[in-house]
Structures are given as C-alpha cells and as structure tokens.
Amino acid sequence: MTGIAPDEHRETLGMADVLERYPVPGPRSLDGVLGFRLTEIGEDEARGEVEVTDRVCQRFGVVHGGVYAALAEVTASEATLAHVWPRGDGAMGQSNNTSFLRPCRSGTLHAHARARHRGRTTWVWDVDLLDDDGRLCASSRVTMAVRPRPD
Ligand SMILES: CC(C)(COP(=O)(O)OP(=O)(O)OC[C@H]1O[C@@H](n2cnc3c(N)ncnc32)[C@H](O)[C@@H]1OP(=O)(O)O)[C@@H](O)C(=O)NCCC(=O)NCCSC(=O)c1ccc(O)cc1
C-alpha cells in the first residue's frame, strides 16, 4: 500500500497490539472512521466510547442504530481477542443482537461489556450502551467464535 505512514499501520485505537502490520490501519477501519476508542480491557469487562457527532448520527440527529451495534461489536471482539490471542486462538463475531431503547443525541456514547460465558469455542458478552447520564440507550448480546488461528 502506498501513501500510508508506517506507524498508521500500528494505530490500534486502544485495542491490544498483536500484529506488526495491519492490512487496514486503525484510523482507516470502520472503527477508526467512526471515532471509536477502547478505554479498558479487563478480565471479563471492557469499555469503549465514541463522541456523538454528525458522523455517527442518522439524518434526524440521533445515533444511528448501526453505531450501537458496531461499538458493541468492537468492544466485545477486542476484549475476547486480548485474552485468546496469547494462547494461539483468534476470535470473530458470530452474532450481534442489538436493541435500541432510547435515542442518544449528544455527548459521549459509552459501551460497557460484561462477559457472560467464556468457553473454549464461544464467548458471550452483554454490552450496555449508555449516555453521559448513565441511561441505557441500547443493549447488545454479542457472541464470539473462538478458534485456533490459521498458520
Ligand atoms: C422505540 C422507542 C420509541 C420505544 O419506546 P418504549 O420502549 O415504549 O419506551 P418509552 O416510551 O419509555 O420511551 C423511552 C425513551 O424513548 C424516547 N421516545 C419514546 N417515544 C418517543 C417518541 N414518540 N418520539 C421520540 N422519542 C421517543 C424518549 O427518549 C423516551 O425517554 P423519556 O423521554 O425519558 O420517556 C424507544 O425505545 C426509542 O426511541 N429507542 C431508540 C430508537 C433509536 O434511537 N434507534 C436507532 C436510530 S434509527 C436509525 O438507525 C436510522 C433511522 C433512519 C435512517 O435513515 C437511518 C438510520
């Protein structure tokens, strides 16, 4: 790829840094374009956030439904990866069921992911999407497939 600074390939938006070089540099990925940041990856909890700007809203000025799903997806995915990668596994989202409960129009949208099941081949996360007042705007159930990484 041309015209990309080398360190751009390693900008990980707060995700665990596992590769020397990424096919899609963080800032150019969907997560980077939308402005997602991961702020905490713990044992069985993780947090992410995004500032609510026009970029993440639909035309009526509320956060687009796809943004809730995408923020939940990256938070659960990266939290799983951070734990399974060192043992030789990879993780891919298998399902993402997101309910939109209350519109969010401004401030920061916060994702709080809690692991409900950490199995050998599947991990299941519940992700709360909260506004700055702690109100639940959306709720996601994300299932991750955990498999050995191909060589
Ligand atoms: C669907 C709902 C109206 C159902 O509400 P209910 O489950 O019956 O709960 P309530 O009646 O207690 O309302 C909860 C809150 O919803 C909001 N609400 C409820 N009714 C309304 C109405 N009629 N208008 C506006 N906002 C409402 C409001 O913020 C309520 O909170 P309070 O004011 O504190 O009462 C509500 O859950 C909701 O507004 N959810 C969020 C919907 C949302 O943000 N969807 C994602 C964006 S839409 C989208 O992605 C898109 C649209 C168009 C495009 O071109 C592209 C993308």
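All values reported here derive from a predicted model rather than from experimental measurement.

So, on to the overall build of the chain. Of the regular secondary structure elements, the chain holds two helices and six strands. The order of helices and strands in the chain, counted from the N terminus, is α-β-β-α-β-β-β-β. Over its C-alpha trace the chain gives a radius of gyration of 15 Å, about what one expects of a compact globule, namely 15 Å for 151 residues. Buried residues in the chain amount to 30% of all 151 residues. Sequence separation of at least 24 residues holds for 60% of the intrachain contacts in the chain that already meet a minimum separation of 6.

A separate point is the UniProt feature "domain: Thioesterase" (unreviewed entry) in the chain. Within the UniProt annotation, "domain: Thioesterase" (unreviewed entry) is assigned to residues 60–138. In this annotation, residues 60–138 is assigned 25% helix and 44% strand; the end-to-end C-alpha distance for the span is 18 Å.

The next subject is the nonpolar core. If you look at the biggest cluster of nonpolar residues, it comprises 33 residues, and the most contacted ones within it are Leu71, Ala72, Ala76, Leu109, Val127 and Leu129. For this core, the secondary-structure elements that each account for two or more residues are β1 (37–41), β2 (45–51), α2 (65–84), β4 (108–118), β5 (122–130) and β6 (136–148). Per-element accounting of this core gives the leading share, ten residues, to α2. Non-local contacts of leucine 109, meaning those with residues more than four positions away in its chain, are made with Glu49, Val50, Val52, Val63, Leu71, Cys104, Leu129, Asp131 and Cys137.

Before going further, it helps to examine the pairing of β1. Summarising the sheet, β1 and β2 pair through four bridges and their orientation is antiparallel. Its bridge partner lying in β2, leucine 38 is registered against glycine 48. Between the end of β1 and the start of β2, which pair antiparallel, lie three residues.

The next subject is the sheet that holds β4. Two pairing modes exist for strands in a sheet, parallel and antiparallel, and in both the strands are linked by backbone hydrogen bonds. Taken in spatial order, the six strands make up an open sheet running β1-β2-β4-β5-β6-β3, and their pairing is antiparallel. Two strands bound the open sheet, and with one partner strand each, they are β1 and β3 (89–100). Strand after strand, the sheet turns through a mean of 20° between neighbouring axes, direction not considered. This element, α2, spans β1, β2, β3, β4, β5 and β6 of the sheet and lies at about 150° to β3.

At leucine 13, a position not held by glycine, the phi torsion is positive, near 60°. Here leucine 13 is to be found in the segment before α1 (30–34). We classify leucine 13 as partly exposed; it has 16 C-beta atoms within 10 Å.

Structurally, leucine 101 can be placed in the loop between β3 and β4. C-alpha of leucine 101 to C-alpha of valine 24: the two residues are 77 residues apart in sequence and 32 Å apart in space. Leave out the neighbours within four places in its chain, and leucine 101 touches Leu136, Cys137, Ala138 and Ser139.

Before going further, it helps to examine α2. Note that an α-helix has 3.6 residues per turn; residues three or four places apart therefore point the same way. Taking 1.5 Å per residue, 20 residues should reach 28 Å; α2 reaches 29 Å between its end C-alpha atoms and fits that length. Counting buried positions over the 20 residues of α2 gives 15, a clear majority of the element.

Calculation notes
- Residues numbered from 1 in each chain as written.
- Predicted model: local features only at pLDDT ≥ 70, side-chain atom pairs only at ≥ 80, totals over all residues.
- Helix = DSSP H or I, 4+ residues; strand = E, 2+ residues; numbered from the N terminus.
- Rg over C-alpha atoms; globule rule 2.2 N^0.38 Å.
- Buried ≥ 20, exposed ≤ 12 C-beta atoms within 10 Å, placed from the backbone.
- Contact = placed C-beta atoms within 7 Å.
- UniProt positions renumbered as here; feature names shortened; annotations may be inferred.
- Core = buried A, V, L, I, M, F, W, Y, C linked by C-beta atoms within 7 Å.
- Pairing = 2+ DSSP bridges.
- Axes fitted to C-alpha atoms, helices over the stretch in contact; angles between N-to-C directions.
- Expected span 1.5 Å × (residues − 1).

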